[in-house]
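Reading the structure
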Amino acid sequence: MNITKTSIPGRNVVWESILDEVPGGVSVDVTRLDYTADGKEYLPAGTPVYVDLSTRVAEVCKSAAAAASGTATTVILPKQHHFKVGDSITDFAYCCIISDITEGDDTDTLTVPSGLTTASGTVYGEAASAASGAYASSLRYTPNGMLKDKIRIAEGNADGAVVKIGSAREDALTFPIPDTYQIALRGGSSGTGTSLITLV
């Protein structure tokens, strides 16, 4: 008698609980994303977004963590990031305009003016600034929700569901959630925002 053993991989479950969503779903603006690149055809569940509740259009709140240490003028990010040339990237102390992106097999190297912390593991967001300088606590978009499911964006348009209230597993997220984003998702420092999402 032969005994065989089959391993069944576990699911990467993002949501522990969902208590409220944006009614009717949203359209996701993909024009600011690198949606035509290989490996970026989808946005994963748990992606932080800002939803204009009057138009039901969602903007991705870009974030990424350095995959390796860069130099004074380079930031090394994992391939799944959506930063583009011309974006203002911030380590939440300083912000720089990305002037070039060199694609590699496993990572991309962003060229920026000096000033950013470029050590491995540094978490970045997208600032509103149109010039390099000290971070002025101003983000391009501040999240008020997170995508409920993985959505396809390769065709240049996408619709999806957005969670407003719930709890998400931080270790299951593709994109890191900087402290500034986490505060916003919990209703902001005043607790009067439109979302209440906690990470567990």
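Residues numbered from 1 in each chain as written. Predicted model: local features only at pLDDT ≥ 70, side-chain atom pairs only at ≥ 80, totals over all residues. Heavy atoms only, no water.

1. Topic: the nonpolar core
Within the largest apolar cluster, 17 residues are counted, with the highest numbers of intra-cluster contacts made by Val14, Trp15, Met146, Ile177 and Ile197. Setting aside anything within four residues of it in sequence, one finds Trp15 in contact with Met146, Leu147, Lys148, Val163, Gly166, Ser167, Ala168 and Ile197. Core analysis: the next-biggest nonpolar cluster, separate from the first, contains 15 residues, Val26, Leu33, Ala58 and Val162 among them. (Core = buried A, V, L, I, M, F, W, Y, C linked by side-chain atoms within 4.5 Å. Buried < 20%, exposed > 50% of the residue type's maximum accessible area, 1.4 Å probe, protein only. Contact = heavy atoms within 4.5 Å.)

2. Some points on the pairing of strand 17 (residues 162-168)
Extensive coverage of strand 17 is indicated by the burial of 6 of its 7 residues. Two elements, strand 1 (residues 15-21) and strand 17, share 5 bridges in a ladder whose sense is antiparallel. Opposite Glu21, over in strand 17, you have Val163 as the bridge partner. With 2 bridges joining them, strand 14 (residues 145-147) and strand 17 adopt antiparallel strand pairing. (Helix = DSSP H or I, 4+ residues; strand = E, 2+ residues; numbered from the N terminus. Pairing = 2+ DSSP bridges.)

3. Quick look at the sheet that holds strand 8 (residues 88-90)
Spatially, the 5 strands line up as an open sheet ordered 6-12-8-9-13, and their pairing is antiparallel. Two strands in the sheet have a free side with no partner beyond their single neighbour: strand 6 (63-65) and strand 13 (133-134).

4. A word on the packing of aromatic side chains
For the structure shown, the criterion picks out 3 aromatic pairs. Relative to Tyr141, the ring of Tyr50 has its centre 6.0 Å away and its plane inclined at 20°; by these criteria the two rings are stacked. Of the two residues, Tyr50 is situated in strand 4 (residues 48-52) and Tyr141 in the loop between strand 13 and strand 14; the sequence distance between them amounts to 91 residues. You can call Tyr50 partly exposed: its relative accessible area is 31%. A relative accessible area of 21% means that Tyr141 is categorised as partly exposed. Look at Phe92 and Tyr135: their rings are 5.6 Å apart centre to centre, the planes differ by 80°, and that puts the pair in the edge-to-face class. Here Phe92 is found in the loop between strand 8 and strand 9 (94-97), whereas its partner Tyr135 is found in the loop between strand 13 and strand 14, with 43 residues between them in sequence. A relative accessible area of 21% places Phe92 in the partly exposed class. Judged by its relative accessible area of 15%, Tyr135 falls in the buried class. Here the aromatic cluster, defined as three or more aromatic residues joined through ring pairs, consists of Phe92, Tyr135 and Tyr181. Over the ring of Tyr42 we find Lys150, and its NZ or CZ is 4.7 Å from the ring centre. (Phe/Tyr/Trp six-rings, centres within 6.5 Å; stacked < 30°, edge-to-face > 60°. Lys NZ or Arg CZ within 6 Å of the ring centre and 35° of its normal.)

5. Considering empty space enclosed by the protein
All told, the structure shown has 1 cavity of 30 Å³ or more when counted by the stated rule. Roughly 40 Å³ of volume is contained in the largest cavity. Forming the walls of the largest cavity are Thr47, Val60, Cys61, Lys62, Ser63, His82 and Phe175. Here the lining of the largest cavity is composed, by residue class, of 3 nonpolar, 3 polar and 1 charged. (1 Å grid on protein atoms, 1.4 Å probe; cavity = no way out; pocket = protein on both sides within 12 Å on 5 of 7 lines; lining within 4 Å. Points joined across faces, edges and corners; volume = space filled by probe spheres on them. Nonpolar A, V, L, I, M, F, W, Y, C, P; charged D, E, K, R; others polar.)

6. Looking at the sheet that holds strand 10 (residues 100-103)
Read from one edge to the other, the open sheet built from 3 strands follows the order 7-11-10, with strand pairing classed as antiparallel. Where the open sheet ends on each side, the last strands, each with one partner, are strand 7 (74-78) and strand 10. Each neighbouring strand pair of the sheet contributes to a mean axis angle of 25°, computed without reference to strand direction. Alignment of strand 10 against strand 11 (residues 107-111), held across 4 bridges, turns out to be antiparallel. Bridge assignment links Ile101 to a residue of strand 11, and that residue is Leu110. (Axes fitted to C-alpha atoms, helices over the stretch in contact; angles between N-to-C directions.)

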